[in-house]
Protein chains: 2
Amino acid sequence: MGRWEPNARGRLAEAALELYSERGFEQTTVAEIAKRAGLTERTYFRHYADKREVLFGGSELQDLLVEVIAGVPESTAPIDALAVGLEALAEVFDERRPFARKRQAVIAANPELQERELIKLASLSAALADTLRLRGVPEPAASLTAEVGVAVFKVGFERWIAASDDRPMAPVMRELLDGLKAVTAGGDGA
Amino acid sequence: MGRWEPNARGRLAEAALELYSERGFEQTTVAEIAKRAGLTERTYFRHYADKREVLFGGSELQDLLVEVIAGVPESTAPIDALAVGLEALAEVFDERRPFARKRQAVIAANPELQERELIKLASLSAALADTLRLRGVPEPAASLTAEVGVAVFKVGFERWIAASDDRPMAPVMRELLDGLKAVTAGGDGA
DNA sequence: CATTCGATGTCAGTTACTGACATCGACAGT
DNA sequence: ACTGTCGATGTCAGTAACTGACATCGAATG
């Protein structure tokens, strides 16, 4: 144990989400976040590279997706491996729906935060493509599957968050994958 | 005519691309860009909202894509309308390949610029989805087609820029669309 | 008990970005 | 020609994100 309260990083993340929710991202200063977490501004920047990163700290989703897809038999078609991966993500999100809603409301209200979210998704796509290539999927199928997977995730996540009922994420993703197959087959996606 | 040199906005864009290329984005200050354009920092911020936006000023691509897709007969399947749109974009890019390479080199070297590029592509996707919906394409097909279209464009653009030969963009896009169809049909995308 | 070490604090500095106000020259109306 | 309006620019002061250099503290270690 150190001489300080433990989990400074987590305290900063919690303080930031609260303040961003209460006043909005722009109306919050890093100094205020740090103060609420019992720290100084300088210490904030030792834990997070910038004012936005505090909402995007973990890499658990990317790790999970990569792990699950890497575990699927190589004989599985890329699109089916993707489906399994999305299924696994869906479970995790279902467990944290209120948190996801709160966080997404903050992000939706600010373009700078949306930019950061998009680059995180791009990084997810790159990791996914790497994993697929390691499984023997050739280019450009690996990149295409990865990009399309993230595209489906984006649309599905939006719908899952916006749903007034609390429908779980997995069936949403499954339906979208079916819709995608219909669209690329030249149908109207109905 | 005003009392100043014309096209201040264009001069700023040109000066910025030069400086970002020579020294890198971070090592360039807005004051330097303004000075090279014969203006002041304050005036820079009247033309561009921030230091990054100067590389992303136009909306010509989005306008072109929307216009072309809006002009395709409604009986055309969404995926085919998309193909026509990508074809039109390809022509424009082929005409500006050296500029596109220079600009993309700058963007590739800096994550902040990549973030901005990604949100511009997201805006493109949203506009595309709107256009498809206006043409009677239902949800979620409209959103999926739009997201997938941008995904294909991203992969294709990368390959087009990176190609050592100067292969035009249109066939690259066509091959990727075929690869996508194969992947979503459950194949290995070969 | 002295030393090392990691996490934090303090402080000064740069730069992106903004608001308020001044200036200049073109143009329109008289 | 006179004058007032207007749009683009300049000037200046201020805030806040972010960084580098250095100090401090207490815990673990030998």
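Since the structure is predicted, the reported quantities are computational estimates derived from the model, not experimental observations.

## Observations regarding the overall build of chain A
- Tallying secondary structure elements over chain A gives nine helices and zero strands in all.
- The order of α-helices and β-strands along chain A, N terminus first, is α-α-α-α-α-α-α-α-α.
- Projected onto the principal axes, the alpha-carbon positions of chain A cover approximately 55 × 35 × 25 Å.
- Scored against the burial criterion, the 190 residues of chain A give a buried share of 47%.
- Sequence separation of at least 24 residues holds for 63% of the intrachain contacts in chain A that already meet a minimum separation of 6.
- Of the roughly 9300 Å² that chain A leaves accessible, carbon and sulfur atoms contribute 53%.
- Each charge class in chain A can be summarised by its mean position, and for the 24 positive and 30 negative side chains these summaries are 6 Å apart.

## Some remarks on the protein's contact with DNA strand C
- Close to DNA strand C lie 22 residues, the nearest being Thr43 and Arg46 of chain A together with Arg3, Arg42 and Lys51 of chain B.
- Arg46 of chain A places a polar side-chain atom, nitrogen or oxygen, 2.5 Å from a base oxygen of DNA strand C.
- In the model, a phosphate oxygen of DNA strand C is placed 2.5 Å from a nitrogen or oxygen of the Lys51 of chain B main chain.
- Of all elements in the fold, only helix 3 (41-47) of chain A together with helix 3 (41-47) of chain B reach the threshold of two or more residues within the surface near DNA strand C.
- Here the residues of the surface near DNA strand C sort into seven nonpolar, six polar and nine charged.

## A look at the protein's contact with DNA strand D
- Surveying the vicinity of DNA strand D reveals 22 residues, the closest of which are Arg3, Arg42 and Lys51 of chain A together with Thr43 and Arg46 of chain B.
- Near the protein, meaning within 4 Å, the atoms of DNA strand D are sugar or phosphate in a fraction of 59%, with bases accounting for the rest.
- One of the backbone N or O atoms of Val30 of chain A is found 3.4 Å from a phosphate oxygen in DNA strand D.
- Separating a phosphate oxygen of DNA strand D from a side-chain N or O atom of Thr40 of chain B is a distance of 2.9 Å.
- Partitioned by chemical class, the residues of the surface near DNA strand D number seven nonpolar, six polar and nine charged.

## Points about the nonpolar core
- The biggest cluster of nonpolar side chains holds 76 residues, and the ones touching the most others in it are Val152 and Phe153 of chain A together with Val152 and Phe153 of chain B.
- Leaving out residues up to four positions away in the same chain, Val152 of chain A has contacts with Leu86, Met173, Leu176, Leu177 and Leu180 of chain A together with Leu144 of chain B.

## Quick look at the interface of chain A and chain B
- Each partner contributes residues to the interface: chain A has 35 residues there, and chain B has 35 residues.
- With both sides pooled, the region where chain A packs onto chain B buries about 3000 Å², and carbon together with sulfur makes up 71% of that total.
- On the chain A side of the contact with chain B, Glu115, Leu144 and Thr184 of chain A bury the most area, a combined 21% of that side's loss.
- Our count for the chain A to chain B interface comes out at eight salt bridges.

## Points about the domain arrangement of chain A
All names here are of chain A.
- Looking at the assigned domains, one finds that chain A contains domain 1 (8-54) and domain 2 (58-184).
- For domain 1 and domain 2, the distance between their C-alpha centroids amounts to 28 Å.
- Each partner contributes residues to the interface: domain 1 has eight residues there, and domain 2 has ten residues.
- By the criterion of area lost to domain 2, the three top residues of domain 1 are Leu17, Phe25 and Arg52, representing 60% of everything that side buries.
- Counting the contacts that link domain 1 with domain 2 gives three salt bridges.
- Between Asp50 and Arg116 there is a salt bridge; the shortest N-O distance is 3.0 Å.
- At the boundary of domain 1 and domain 2, one finds four residue pairs in polar contact (both at pLDDT 80 or more).
- Taken together, the residues of the side of domain 1 that touches domain 2 break down into three nonpolar, one polar and four charged.

## Thoughts on the UniProt feature "domain: HTH tetR-type" (unreviewed entry) in chain A
- Here, UniProt's "domain: HTH tetR-type" (unreviewed entry) annotation points to residues 6-66 of chain A.
- Helix makes up 61% of residues 6-66 of chain A and strand 0%, with an end-to-end C-alpha separation of 30 Å.

## Section: the relation of the copies chain A and chain B
- Overlaying chain A on chain B yields an RMSD of 0.0 Å, the required transformation being a rotation through 180° with an accompanying axial translation of 0.0 Å. In short, the pair behaves as if placed about a two-fold rotation axis. Considering only C-alpha atoms, the part of chain A nearest the rotation axis is Glu115 of chain A, at 2.6 Å.
- Comparing interface residues between copies, 100% of those in chain A also lie at the interface in chain B; the contact surface is shared.

## Some remarks on the packing of helix 6 (residues 97-108) of chain B against helix 7 (residues 111-134) of chain B
All names here are of chain B.
- Across the interface, helix 6 lies against helix 7 with an axial gap of 7 Å and an inter-helix angle of 115°. Contacts from Arg103, Gln104, Val106, Ile107 and Ala108 of helix 6 reach helix 7 at Leu113, Gln114 and Glu117.
- By residue class, the composition of the contact of helix 6 with helix 7 is four nonpolar, two polar and two charged.

## Here's the deal with the packing of aromatic side chains
- According to the stated counting rule, one finds 16 aromatic pairs over all chains in the structure shown.
- Relative to Phe25 of chain B, the ring of Tyr20 of chain B lies with its centre 4.9 Å away and its plane at 65°, an arrangement referred to as edge-to-face. Phe25 of chain B shares its class with Tyr20 of chain B; the two are buried.
- Geometrically, the ring pair formed by Phe93 of chain B and Trp160 of chain B is edge-to-face, given 5.8 Å between the ring centres and 75° between the ring planes. Separated by 67 residues along the polypeptide, Phe93 of chain B in helix 5 (residues 78-95) and Trp160 of chain B in helix 8 (residues 141-162) bring together distant segments of the chain. For the pair shown, Phe93 of chain B and Trp160 of chain B are each scored as buried.
- These aromatic residues form a ring-pair network of at least three members: Phe93, Phe153, Phe157 and Trp160 of chain A.

Conventions and cut-offs
- Within every chain, residues take consecutive numbers counted from 1 along the sequence as written.
- Chains carry letters and ligands carry numbers; both start at the beginning, A for chains and 1 for ligands, and go up in the order they are written.
- Totals for whole chains, interfaces and linings use every residue, but because this is a predicted model, local features are given only for residues with pLDDT of at least 70 and side-chain atom pairs only at 80 or more, for both listing and counting.
- Note that the side-chain values use all heavy atoms of the structure and ignore hydrogens as well as water.
- Every helix listed is a DSSP run of H or I at least four residues long, and every strand listed is a run of E at least two residues long, numbered separately from the N terminus.
- Working definition: with a 1.4 Å probe on protein chains only, accessible area under 20% of the residue-type maximum means buried, over 50% means exposed, and in between means partly exposed.
- Only heavy atoms matter for contacts: two residues are in contact if any of them lie within 4.5 Å across the pair.
- Under the convention used here, a 1.4 Å probe and the Shrake-Rupley method define accessible areas, while residue burial counts only the protein chains that appear.
- For the purpose of charge, His is not counted, nor are the chain termini; Lys and Arg are scored as positive and Asp and Glu as negative.
- Taken as the charge location is NZ of Lys, CZ of Arg, CG of Asp or CD of Glu.
- Proximity criterion: a residue is near a molecule or strand once any of its heavy atoms comes within 4 Å of it.
- Whenever two N or O atoms come within 3.5 Å, that pair is a polar contact, provided that in protein one can donate a hydrogen and the other can accept it, and provided that, for residues adjacent in sequence, both atoms are side-chain atoms.
- Note that Gly is not counted as nonpolar here; it falls among the polar residues with everything else outside the nonpolar set of Ala, Val, Leu, Ile, Met, Phe, Trp, Tyr, Cys and Pro and the charged set of Asp, Glu, Lys and Arg.
- Here, the term nonpolar core denotes a set of buried Ala, Val, Leu, Ile, Met, Phe, Trp, Tyr and Cys residues that are joined through side-chain atoms within 4.5 Å.
- Defined in terms of a 1.4 Å probe, buried area is the accessible area two parts forfeit on being brought together, summed over both.
- Here a salt bridge means any side-chain nitrogen of Lys or Arg lying within 4 Å of a carboxyl oxygen belonging to Asp or Glu.
- The start and end points of each domain follow an automatic or database-based domain assignment.
- UniProt positions are given in the numbering used here, feature names are shortened, and annotations may be inferred rather than shown by experiment.
- The fit set for superposing copies consists of C-alpha atoms from residues with pLDDT of at least 70 in both; the fit itself is least squares.
- Angles run from 0 to 180 degrees between N-to-C directions of axes, and those axes are lines fitted to C-alpha atoms, restricted for helices to the stretch in contact.
- Ring pairs are drawn from Phe, Tyr and Trp, using the six-membered ring of Trp, whenever the two centres fall within 6.5 Å, and their geometry is named by plane angle: stacked under 30 degrees, edge-to-face over 60, tilted for the rest.

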